[in-house]
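Observations on chain architecture
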Amino acid sequence: MDTKTKTIDNNTLEKVSGGNIFEDIKCFFEGHGYDIDGEKFPQGADYSIRKYKCYCCGDILYERHYNNGADGKSSKAEYDSY
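For the structure given in this document, a descriptive report is provided here. Every value quoted in this text rests on a predicted model; they were computed, and no experiment measured them.

1. Remarks on the sheet that holds strand β2 (residues 47-54)
Across the sheet, four strands lie side by side as β1-β2-β3-β4; this open sheet has antiparallel pairing. Both outer strands of the open sheet, β1 (34-40) and β4 (71-73), are each paired with one neighbouring strand and no more. Sheet twist, expressed as the average angle between the axes of neighbouring strands with direction ignored, equals 35°. Alignment of β2 against strand β3 (residues 60-66), held across seven bridges, turns out to be antiparallel. Bridging from a neighbouring strand, Tyr-47 pairs with Tyr-66 of β3.

2. Some thoughts on the side chain of Glu-78
Structurally, Glu-78 is set in helix α3 (residues 76-80). Here the side chain of Glu-78 touches Ser-74 through a polar contact of 2.6 Å, side chain to side chain. If sequence neighbours within four positions are ignored, Glu-78 has contacts with Tyr-47, Ile-49 and Arg-64.

3. Description of the packing of aromatic side chains
Under the criterion given, the structure shown has three aromatic pairs. Each ring, one from Phe-28 and one from Phe-29, has its centre 5.0 Å from the other, and the planes form 85°; the classification is edge-to-face. Geometrically, the ring pair formed by Tyr-62 and Tyr-79 is tilted, given 5.4 Å between the ring centres and 45° between the ring planes. In this pair, Tyr-62 is assigned in strand β3 and Tyr-79 in helix α3, connecting sequence segments 17 residues apart. Judged by its relative accessible area of 9%, Tyr-79 falls in the buried class. Sitting over the face of the ring of Tyr-79, Lys-40 holds its NZ or CZ atom 4.5 Å from the ring centroid.

Conventions and cut-offs
- Residues numbered from 1 in each chain as written.
- Predicted model: local features only at pLDDT ≥ 70, side-chain atom pairs only at ≥ 80, totals over all residues.
- Heavy atoms only, no water.
- Pairing = 2+ DSSP bridges.
- Helix = DSSP H or I, 4+ residues; strand = E, 2+ residues; numbered from the N terminus.
- Axes fitted to C-alpha atoms, helices over the stretch in contact; angles between N-to-C directions.
- Polar contact = N/O pair within 3.5 Å; in protein donor to acceptor, adjacent residues only side chain to side chain.
- Contact = heavy atoms within 4.5 Å.
- Phe/Tyr/Trp six-rings, centres within 6.5 Å; stacked < 30°, edge-to-face > 60°.
- Buried < 20%, exposed > 50% of the residue type's maximum accessible area, 1.4 Å probe, protein only.
- Lys NZ or Arg CZ within 6 Å of the ring centre and 35° of its normal.

Right under this line is the structure:
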């Protein structure tokens with residue numbers, strides 16, 4: 001019987017396994033650490049839409065930031081529309 005082996009690079013292995021589980025566990029216990037990854041300013045609106053990305057696991061979050069200091073939820077679709 002012939003035995004064949006193939007070496008898989010880390011990026012391919014990460015995609016197949018669903019990502020780095022150790023980063024997911026860290027975020028589960030310690031919480032996400034988000035950095036601003038982008039910001040858009042809709043014309044005529046009194047808010048901006050920010051895209052945040054967790055520097056550990058890559059989770060993405062979208063939020064509205066109003067000029068008066070209030071925050072609200074947003075979505076990828078709304079962020080991409082501007």
